[in-house]
Amino acid sequence: MSLDSEELGSLFAVIGDEDTCVGFLLGGIGEVNEDREANFMVVEKDTTPDQIEACFKKFLNRPDIAIILINQVYADMIRPTVDAHNLEIPTVLEIPSKQYQYDAAKDSILKRAQSVFNPPERRY
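Residues numbered from 1 in each chain as written. Predicted model: local features only at pLDDT ≥ 70, side-chain atom pairs only at ≥ 80, totals over all residues. Heavy atoms only, no water.

**A word on helix H3 (residues 49–61)**
One turn of the α-helix equals 3.6 residues, which is why residues spaced by three or four share an orientation.
Phase 1: Its 13 residues place the ends of H3 18 Å apart at the C-alpha level, agreeing with the 18 Å of an ideal helix rising 1.5 Å per residue.
Phase 2: Residues Ile 52, Cys 55, Phe 56 and Phe 59 constitute the buried set of H3. Down the axis of H3, the sector holding all buried residues measures 100°, keeping them to one side. Those residues of H3 that are exposed and angled more than 90 degrees off the buried face are Asp 50 and Asn 61.
Phase 3: Considering only its buried residues, H3 is in contact with strand E1 (11–16), strand E2 (40–42), strand E3 (65–71), helix H4 (72–77), helix H5 (79–84) and strand E4 (91–95). (Helix = DSSP H or I, 4+ residues; strand = E, 2+ residues; numbered from the N terminus. Expected span 1.5 Å × (residues − 1). Buried < 20%, exposed > 50% of the residue type's maximum accessible area, 1.4 Å probe, protein only. Arc of directions from axis to C-beta. Contact = heavy atoms within 4.5 Å.)

Here it is, written out as structure tokens:
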């Protein structure tokens, strides 16, 4: 994409391990804007939860990002921040990684969707 990506549409952002980021970059989601800010973060073994949270908040505040994909293992590290985000855009999707299995019970979006389809019973 060019520097005019805002005119063409919104972007995906990825916070994940190297394999996850490389896969999405090979799929064409990579973008570096005019301020030299990338729309992805490769989480290394020495990356701190504070760094992950700072990147997540930066992606939340970027107007050109519509969807944030984050490996569930890293979402767990910043769970209060992920769960506090309740706007539709950017949508936050938790995805599995190669090393860690996906746990649907932890996924905040799935929990919200289930509450819509299975509301608590009313007692009259």
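**Brief notes about the pattern of salt bridges**
Phase 1: For the structure on display, the rule yields 6 salt bridges.
Phase 2: In this structure, Arg 62 engages Asp 64 in a salt bridge whose closest nitrogen and oxygen atoms are separated by 2.8 Å.
Phase 3: Measuring nitrogen to oxygen at the nearest pair gives 2.6 Å for the salt bridge that ties Arg 79 to Glu 94. Of this pair, Arg 79 sits in helix H5 while Glu 94 sits in strand E4, placing them 15 residues apart in sequence.
Phase 4: Residue classification places Glu 94 among the buried residues on the basis of a relative accessible area of 7%.
Phase 5: The network of salt bridges with common partners includes Asp 76, Arg 79, Asp 83 and Glu 94. (Salt bridge = Lys/Arg side-chain N within 4 Å of Asp/Glu carboxyl O.)

**A word on the nonpolar core**
Phase 1: Residues Ile 15, Ile 52, Phe 56, Phe 59, Ile 68 and Ile 70 are the most contacted members of the largest nonpolar core, which totals 18 residues.
Phase 2: Elements represented by at least two residues in this core include exactly E1, H3, E3 and H4.
Phase 3: Among the elements that take part in this core, H3 stands out by supplying 4 residues, more than any other.
Phase 4: If we skip the residues at most four places from it in the chain, Ile 52 touches Ile 15, Met 41, Val 43, Thr 47, Tyr 74, Met 77 and Ile 78. (Core = buried A, V, L, I, M, F, W, Y, C linked by side-chain atoms within 4.5 Å.)

**With respect to the pairing of E1**
Phase 1: In terms of burial, E1 is largely enclosed, as 5 of its 6 residues are buried.
Phase 2: Relative to E3, E1 is paired through 5 bridges, and the arrangement is parallel. Its bridge partner being in E3, Leu 11 is matched across the sheet by Ile 65.
Phase 3: Pairing of E1 with E2 involves 3 bridges; the strand directions are parallel. When the sheet's bridge partners are listed, Gly 16 is paired in E2 with Val 42.
Phase 4: Running through helix H2 (residues 18–26), the crossover from E1 to the neighbouring parallel element E2 is right-handed. (Pairing = 2+ DSSP bridges. Right-handed = clockwise from strand over helix to strand, strands pointing away.)

**Looking at the environment of Asp 107**
Phase 1: Here Asp 107 lies in the loop between E4 and helix H6 (108–117).
Phase 2: A relative accessible area of 6% means that Asp 107 is categorised as buried.
Phase 3: Through-space distance from the C-alpha of Asp 107 to that of Leu 93 is 8.3 Å; in sequence the pair is 14 residues apart.
Phase 4: Those residues in contact with Asp 107 that sit more than four places away from it in its chain are Gln 72, Glu 94 and Tyr 102.

**A look at the sheet that holds E3**
The strands making up a sheet are joined through hydrogen bonds of the backbone, oriented either antiparallel or parallel.
Phase 1: Pairing is parallel across the open sheet formed by 4 strands, whose spatial order is E2-E1-E3-E4. Bordering the open sheet on either side are E2 and E4, each of which pairs with just one other strand. Ignoring which end each strand starts from, the neighbouring axes of this sheet average 20° apart.
Phase 2: Pairing of E3 with E4 involves 5 bridges; the strand directions are parallel. Considered in E4, the bridge of Ile 70 is made with Glu 94.
Phase 3: On the sheet, H2 packs against E1, E2, E3 and E4 and is oriented at approximately 160° with respect to E1.
Phase 4: The strands touched by H3 are E1, E2, E3 and E4; relative to E1, the strand with the most contacts, the crossing angle is about 175°. (Axes fitted to C-alpha atoms, helices over the stretch in contact; angles between N-to-C directions.)

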